[in-house]
Amino acid sequence: MTKYSSLKVAVTGASGFVGRHVLNALIRYDLEIIAVTRDAKHLVDYSESIQIIEMDIYNPIPDKFQQICCADILMHLAWDGLPNYRSLHHFETELPRQYQFLKSVIEAGVASLMLTGTCFEYGMQHGPLSEDIKPQPDNSYGYAKDGLRQQLEFLKSIKSFNLTWARLFYMYGDGQPLTSLYPMLKNAVLNGEKKFNMSGGEQLRDYLPVEVAAGYLVRLALARRDFGIVNVCSGTPISVRKLVEQWIDENKWGISNNFGYYPYPSYEPMAFWGNRNRLDALLEEQ
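As the structure is a computational prediction, the values presented were derived from the model and not from experiment. (Residues numbered from 1 in each chain as written. Predicted model: local features only at pLDDT ≥ 70, side-chain atom pairs only at ≥ 80, totals over all residues. Heavy atoms only, no water.)

Colleague: Explanation requested: the overall build of the protein in the structure shown.
Modeller: Tallying secondary structure elements over the protein gives eight helices and 15 strands in all. Whereas a compact globule of 286 residues would reach a radius of gyration of roughly 19 Å, the protein reaches 19 Å, a difference of no more than 12%. Taken over 286 residues, the protein has a buried fraction of 51%. Sequence separation of at least 24 residues holds for 74% of the intrachain contacts in the protein that already meet a minimum separation of 6. (Helix = DSSP H or I, 4+ residues; strand = E, 2+ residues; numbered from the N terminus. Rg over C-alpha atoms; globule rule 2.2 N^0.38 Å. Buried < 20%, exposed > 50% of the residue type's maximum accessible area, 1.4 Å probe, protein only. Contact = heavy atoms within 4.5 Å.)

If you want it as structure tokens, here you go:
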């Protein structure tokens, strides 16, 4: 029996981009896994190794909701309305229903929460970003995420539970939404295009392969500790230009870049990346 063999872990948003990679990381451990999704067909490949609950978490079915609440750990990855970061939906609709779901789960007895935040909580701040920097969200998504974190911090003052807020930076890999940089480049190659249209590429970002990020999330969650905010990032800035060129070289893709075709995004600064000192320290303790 391993130290995790008696643990039960529930994952919301389990069929999403990050969710599927989190499931892949979890099944390497000897524990019970509950995957929550709106459509079980998306998780048919996992049906023999995990328990799948088909449910809309915002309209919970009592008996299925109770199964979630029997978990020792909830890894909450669900969030609607992306990738439209500026939509009012995030704080008008998503924020209140996210909080109500999580409050209900905590009141029902789940003792440890691991939630994913976003680097957009930092807003238009430049350079290396550490967890002690005050959030200054500049879009609706970042504002709503930071608002949810603050609500949960207030809830902790009257209800004891462990909270880890994993601030995700940029990720890439299999299953990513088609509007993201990596799948757009891959599709351009598959379509036989000679040039890949993109921005000037000089912006500095922080990228991790999604399977690496998922592994970090699982390790943080299984610790069952009150870690608070943790940047989940590489800690190393890289220009988008260099990153795309690396992808092309690694995959031996016969395509060249058409830099400057698109303007730079207005909702993010030109240069920012995560400080991962806290992440490294927490992982070292395990």
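Colleague: I would appreciate a short explanation of a nonpolar patch on the surface in the present structure.
Modeller: Together, Leu 88, Phe 91 and Tyr 143 line one region of the surface with nonpolar side chains, adding up to about 290 Å² of accessible area. Checked against the element boundaries, Leu 88 lands in the loop between strand S4 (73–76) and helix H3 (89–107). (Patch = residues over 30% accessible without salt bridge, like charges linked within 9 Å, V, L, I, M, F, W, Y side chains within 5 Å. Areas by Shrake-Rupley, 256 points an atom, 1.4 Å probe, with all protein chains shown as cover. Salt bridge = Lys/Arg side-chain N within 4 Å of Asp/Glu carboxyl O.)

Colleague: I would appreciate a short explanation of the pairing of strand S2 (residues 32–37) in the present structure.
Modeller: When a strand is regular, its side chains alternate between the sheet's two faces. For S2, the tally of buried residues reaches five of six residues, placing the bulk of the element in the interior. The sheet contact formed by strand S1 (residues 8–12) and S2 spans five bridges and is parallel. Residue pairing across strands places Val 9 opposite Ile 33, the latter belonging to S2. In this fold, S1 hands off to helix H1 (residues 17–26), which returns the chain to S2; that crossover is right-handed. Where S2 lies against strand S3 (residues 51–54), four bridges are found, and the strand directions are parallel. (Pairing = 2+ DSSP bridges. Right-handed = clockwise from strand over helix to strand, strands pointing away.)

Colleague: Mind showing me how you'd approach the sheet that holds S2 here?
Modeller: For sheets, the rule is that strands pair by backbone hydrogen bonds, running either parallel or antiparallel. Strand order in the open sheet formed by seven strands is S3-S2-S1-S4-S5-S7-S12, and the pairing between neighbours is parallel. The strands lining the two open edges of the sheet, one partner per strand, are S3 and strand S12 (228–232). Averaged over all neighbouring strand pairs, the angle between strand axes comes to 20°, with direction disregarded. Bridge count for strand S7 (residues 162–168) against S12 is five bridges, and the pairing is parallel. Bridge pairing in S12 links Ala 166 to Val 230. (Axes fitted to C-alpha atoms, helices over the stretch in contact; angles between N-to-C directions.)

Colleague: Explanation requested: the packing of H1 against helix H6 (residues 210–222) in the structure shown.
Modeller: When two helices pack together, you describe them by how their axes are tilted relative to each other and by the distance separating the axes. Taken N-terminus to C-terminus, the directions of H1 and H6 make an angle of 65°; their axes are 8 Å apart at the nearest point. In this structure, H1 crosses over H6, and the sense of that crossing is right-handed. Only Val 210, Glu 211, Ala 214, Gly 215, Leu 217 and Val 218 of H6 make contact with H1, whose side of the interface consists of Phe 17, Val 18, His 21, Val 22, Ala 25 and Leu 26. (Left-handed = near helix turned anticlockwise from the far one by under 90°.)

Colleague: So what exactly am I meant to see when it comes to the packing of aromatic side chains here?
Modeller: Within a pair of aromatic rings, the relevant descriptors are the distance that separates the centres and the angle that separates the planes. One pass over the structure, following the stated rule, counts 19 aromatic pairs. Positioned above the aromatic ring of Tyr 122 is the side chain of Arg 167, whose terminal nitrogen or guanidinium carbon lies 4.6 Å from the ring centre. Taking NZ or CZ as reference, Arg 241 lies 3.7 Å from the ring centre of Phe 259, over its face. (Phe/Tyr/Trp six-rings, centres within 6.5 Å; stacked < 30°, edge-to-face > 60°. Lys NZ or Arg CZ within 6 Å of the ring centre and 35° of its normal.)

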